[in-house]
Every structure is written in C-alpha cells, then in structure tokens.
Amino acid sequence: LHAQCSQHLWALRMDLCHVPAAREKGWYLALMAPNIKGPNYAWLDPSRLYCHPQGLQDCMADLLQPFQGDPIDMVAGIDAMGFILGTAAAATLQKGFLAIRKAGHLCVQTLAQPYTDYSGREKVMEVRTDAILPGLRILLVDQWVETGGTMRAAIQLVERLGGVVAAPTPCPAGIAAICIEDSEGGQWIRERYKCAHCIPPGLQPRFDRHQ
C-alpha cells in the first residue's frame, strides 16, 4: 500500500479529484502533506485529505466502520482539527456535535482540564457543562493521537461530567482518529477504550517513527 500511495502521490498533488482504481484501506493517506517548516509543527498535515471528496468519504467510512451498530448519543470533537472529522462523523451518524475547546473561548459555564500536548506545551481545554448528561454515550474524535495527552484530557472532561466514552466491551461509544500512535499514551488509550483509526497494520510502524 505504501508503494501504491507513493506512486500516486505526484498525480494526486495535481488533481484533488483523482481516485485510484483500487481504493485499498488508507489509500487517501498519500494525500497528507509532510512538514516543511521545522520541529515546531506536526510532522504531517492531513488537512489536504479533507479537500478530496472521495478521500474524505473513505476516511470517514473507515473511522466509523468499527462502531456500526453501537449506541452513540453524541459526537465530540477536539479543538481544532478534530472539529472537521467530528462534524463529518456527527453528520454521517445523524447525531449532535459537541466542541471541546481550548480554554478561553466559551462564554458559558464550563469545566476545564489541564494537559500537555504532543509538543510538550502545557495547555487547558474546556467543555460546556450543560451538554453532557450522566450516561450519555460519546464518540470522541480528533485528527491525530501522538502522545495521547490531548485525547486523555478530553476523556477526563467527558467522564467528569458523567458521560461514557466506553471500555472495549461493552462498547457504547469510543475514540476515533486518523492515526493513534503506539506511544505510551496511545497504548494507554487503546487498552481502555474502543478505538478506530485509518492506518493499515503494515504502515503503523512508519507512522510511529514519523517516516
């Protein structure tokens, strides 16, 4: 699959409507652009994938397939790129969408949670307190899980309000991201929650090494 993605990469740069004849799982990963600005940025930029109609549809289908038939009450997306996949998931599932925000943007009563992001920076996220009722089954969505700190903080917010993100079984909801890296934080999340991602097993080690 990696060779196929590389083979099509230059053509895809020229034509965002190009769709390969064989759409294997993860074919759209070749649409993501590498970091050209240095260590202060993420190593990949998936946002180009969202510009491709079929790529976005197939990405969303892969993310939601593990949750088919699961009871989900609401989708929550993490500020900021998780808003894109989260709203797409909510629209597909015909559920409501809850934005988990960086602190300081909500003018209503909120619950806050400090965390350390993938770059090592200390931050705070918050969520409105009137949207999650006890027992509400939440599908948490973000673009990427690298160290796991951001996703873990979002889980803590949901669970502090009584929402259910879900253990592997039973699985009323869970966590979805394009990639969940095999870091210590990624492993912690995988062990405790039902997870979905888009990386084929053969490519996972390369994504873990940021290659």
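1. With respect to the packing of helix α2 (residues 53–64) against helix α3 (residues 82–93)
Here is step 1: Where α2 meets α3, the closest approach of the two axes is 10 Å, and the angle between their N-to-C directions is 75°. The angle between the axes of α2 and α3 places the two elements in the roughly perpendicular class. Contacts between α2 and α3 involve Leu56, Cys59, Met60, Leu63 and Leu64 on the former and, on the latter, Leu85, Ala88, Ala89, Thr92 and Leu93.
Here is step 2: Partitioned by chemical class, the residues of the contact of α2 with α3 number 9 nonpolar, 1 polar and no charged.

2. Notes on unusual backbone geometry
Here is step 1: A cis amide bond links Asp79 to the next residue, Ala80, at an omega of 5°.
Here is step 2: Residues other than glycine seldom take positive phi values, yet Gln94 does so here, at roughly 60°.
Here is step 3: Positionally, Gln94 belongs in the loop between α3 and β4 (96–102).
Here is step 4: Using a relative accessible area of 73% as the deciding quantity, one classes Gln94 as exposed.
Here is step 5: For His210, which is not glycine, the phi dihedral falls at a positive 60°.
Here is step 6: Mapped onto the secondary structure, His210 falls in the segment after α6 (204–208).
Here is step 7: Overall, the relative accessible area of 29% leaves His210 in the partly exposed class.

3. Quick word on the pairing of strand β3 (residues 74–78)
Here is step 1: Across the 5 residues of β3, 5 count as buried, placing the element largely inside the fold.
Here is step 2: When β3 meets β4, the two strands line up parallel, connected through 5 bridges. For Ile78, the partnering residue across the bridge sits in β4 and is Ile100.
Here is step 3: Both β3 and strand β7 (residues 138–141) contribute to a ladder of 4 bridges, which runs parallel. Looking at β7, one finds that Val75 is bridged to Leu139.

4. Comments concerning the confidence of the model for the protein
Here is step 1: Looking at the protein as a whole, its pLDDT mean stands at 89, while 90% of the residues score no less than 70.
Here is step 2: Within the model, the stretch residues 6–12 combines pLDDT values under 50 with 7 contacts to residues more than four positions away or in other chains.
Here is step 3: Ignoring residues within four places in sequence, the model shows residues 167–172, a span with pLDDT below 50, making 17 contacts including any to other chains.

Scoring rules and cut-offs
Residues numbered from 1 in each chain as written. Predicted model: local features only at pLDDT ≥ 70, side-chain atom pairs only at ≥ 80, totals over all residues. Heavy atoms only, no water. Axes fitted to C-alpha atoms, helices over the stretch in contact; angles between N-to-C directions. Helix = DSSP H or I, 4+ residues; strand = E, 2+ residues; numbered from the N terminus. Parallel < 35°, antiparallel > 145°, perpendicular 65-115°, else oblique. Contact = heavy atoms within 4.5 Å. Nonpolar A, V, L, I, M, F, W, Y, C, P; charged D, E, K, R; others polar. Buried < 20%, exposed > 50% of the residue type's maximum accessible area, 1.4 Å probe, protein only. Pairing = 2+ DSSP bridges. pLDDT = per-residue confidence, 0-100.

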